[in-house]
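# Summary of structural features
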Amino acid sequence: MRKIMGGAVTAALTVAVLSGCSSADSSAEDKENGKKSEAAAAPSSSAPSASKSAGSSAPKAKDSGEWKKADTRIGDAGSACELPVSFMATKAWKPTCLSREDGELLGKFSGHKTFRGALELSAKTAGNIGFIRLWTADAMNDKTPRQVLEAFMAEEKKVKEREYTEIKAGELPAAEVVYKVDSILTDEPKRESAFAVTTPKGVMVVHLGGFDSQEHQEMLPAYETAKKTMTVAG
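Okay, so let's go over this structure.

Calculation criteria
Residues numbered from 1 in each chain as written. Predicted model: local features only at pLDDT ≥ 70, side-chain atom pairs only at ≥ 80, totals over all residues. Heavy atoms only, no water. Pairing = 2+ DSSP bridges. Helix = DSSP H or I, 4+ residues; strand = E, 2+ residues; numbered from the N terminus. Axes fitted to C-alpha atoms, helices over the stretch in contact; angles between N-to-C directions. Contact = heavy atoms within 4.5 Å. Core = buried A, V, L, I, M, F, W, Y, C linked by side-chain atoms within 4.5 Å. Buried < 20%, exposed > 50% of the residue type's maximum accessible area, 1.4 Å probe, protein only. Disulfide = S-S within 2.5 Å. Salt bridge = Lys/Arg side-chain N within 4 Å of Asp/Glu carboxyl O. Phe/Tyr/Trp six-rings, centres within 6.5 Å; stacked < 30°, edge-to-face > 60°. Lys NZ or Arg CZ within 6 Å of the ring centre and 35° of its normal.

Strands sit in the order 1-2-10 across an open sheet of three strands; the sheet is antiparallel. Lying at the two open borders of the sheet, with one neighbouring strand each, are strand 1 (72-74) and strand 10 (231-232). Taken together, the three bridges between strand 1 and strand 2 (residues 85-89) define a ladder with antiparallel strand orientation. Pairing of Arg73 across the sheet is with Met88, part of strand 2.

Structure, rendered in structure tokens:
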């Protein structure tokens, strides 16, 4: 019970950042649409403009739902989210492509002022409550993967210990860190992992957290799949 409640708090905070700021606008729009429906002889005439407005701030790529059926490649042009890199997302991990605005909000909320969120993979439908988050940053293309990762870690809070290694993410040179942080939801430090790559299209940090170290371990195979299958996006 304790684990479920803690995860719900974490999820609620994230949702609040990404969607809470739009609730007031949505309420006002609903009232305005209600007035138009009463005055107009053909209520359906407002539907196209509403659809256009909703799509203007959303990522271009659409969710096809393929992630529910099988492992799915994400990142290439036309995929669920276009990124500097491409990788296989494990079946049942739901991808959410973040707009630049939402990604910057997530960065501010998470303490990452240099980075912005680009993609979230939710483990909820796969049986856990954590996320794999992909982060990017501007003006860091001249940095090495280790430098990018160290910049990311400099903005992480309450880090107790960390260990860096030089690795390969697919065929891409990468740097990885495994570390522990003090949890605000449990009484014990928890394990987290992240790796960084640099490409001609931009930099990418892939981060795996979790409610606690046990959940982190349970979600690790999906993180490893992303790492092993990573390429520059096509």
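Within the open sheet, the seven strands sit side by side as 3-4-5-9-8-7-6. Their pairing is antiparallel. This sheet does not close on itself; its edge strands, each paired only once, are strand 3 (94-97) and strand 6 (159-169). Averaged over neighbouring strand pairs, the angle between their axes works out to 20° when direction is ignored. Across seven bridges, strand 8 (residues 189-199) lies against strand 9 (residues 202-208) in antiparallel orientation. Counterpart to Val197 in the pairing with strand 9 is Met204. Against the sheet, helix 5 (residues 145-154) contacts strand 5 (131-136), strand 6, strand 7 (172-182), strand 8 and strand 9, and its axis sits at roughly 20° relative to strand 7. Lying on the sheet, helix 6 (residues 213-228) is in contact with strand 5, strand 6, strand 7, strand 8 and strand 9; it crosses strand 8 at an angle near 15°.

Before going further, it helps to examine the nonpolar core. Counting 27 residues, the largest nonpolar core has Leu83, Phe87, Ile132, Val197 and Met230 as the members making the most contacts within it. Mapped onto this core, the elements with two or more residues apiece are strand 2, strand 4 (116-122), strand 5, strand 7, strand 8, strand 9 and helix 6. With five residues, the top contributor of residues to this core is helix 6. In contact with Phe87, other than residues within four places in its own chain, are Thr72, Arg73, Ile74, Leu119, Leu121, Leu134, Ala226, Thr229 and Met230. Membership of the second largest hydrophobic core comes to 20 residues, among which are Trp135, Met140, Val148 and Ala196.

This part is about the state of the cysteines. All chains considered together, the criterion is met by one disulfide. Between the sulfur atoms of Cys81 and its disulfide mate Cys97 the distance is 2.2 Å. Residues Cys81 and Cys97 share a disulfide whose torsion about the S-S bond is about 55°; that sign makes it right-handed. Taken together, the residues span a long stretch of sequence, with Cys81 in the loop between strand 1 and strand 2 and Cys97 in strand 3 at a distance of 16 residues.

Okay, the pairing of strand 2 next. Of all five residues in strand 2, four are buried, a share of seventy percent or more. Pairing between strand 2 and strand 10: two bridges, direction antiparallel. Its bridge partner lying in strand 10, Val85 is registered against Val232.

A separate point is the pattern of salt bridges. A complete count under the given rule lists ten salt bridges for this structure. Asp138 serves as the salt-bridge partner of Arg100, at 2.6 Å between the closest nitrogen and oxygen. With Arg100 in helix 4 (residues 100-110) and Asp138 in the loop between strand 5 and helix 5, this residue pair connects regions lying 38 residues apart in the sequence. Residue classification places Arg100 among the partly exposed positions, given a relative accessible area of 44%.

One pass over the structure, following the stated rule, counts three aromatic pairs. Between Trp135 and Phe152 the ring centres are 6.1 Å apart and the planes differ by 55°, which places this aromatic pair in the tilted class. With a gap of 17 residues between them, Trp135 in strand 5 and Phe152 in helix 5 connect regions that are remote in the sequence. Phe152 carries the same exposure label as Trp135, and that label is buried. Geometrically, the ring pair formed by Phe195 and Tyr223 is edge-to-face, given 5.5 Å between the ring centres and 70° between the ring planes. In this pair, Phe195 sits in strand 8 while Tyr223 sits in helix 6, placing the two residues 28 residues apart along the sequence. We classify Tyr223 as buried; its relative accessible area is 0%. Members of the aromatic cluster, connected to one another through ring pairs, are Phe115, Trp135 and Phe152. Cation over ring: Arg133 sits above Phe131, and NZ or CZ is 4.4 Å from the ring centre.

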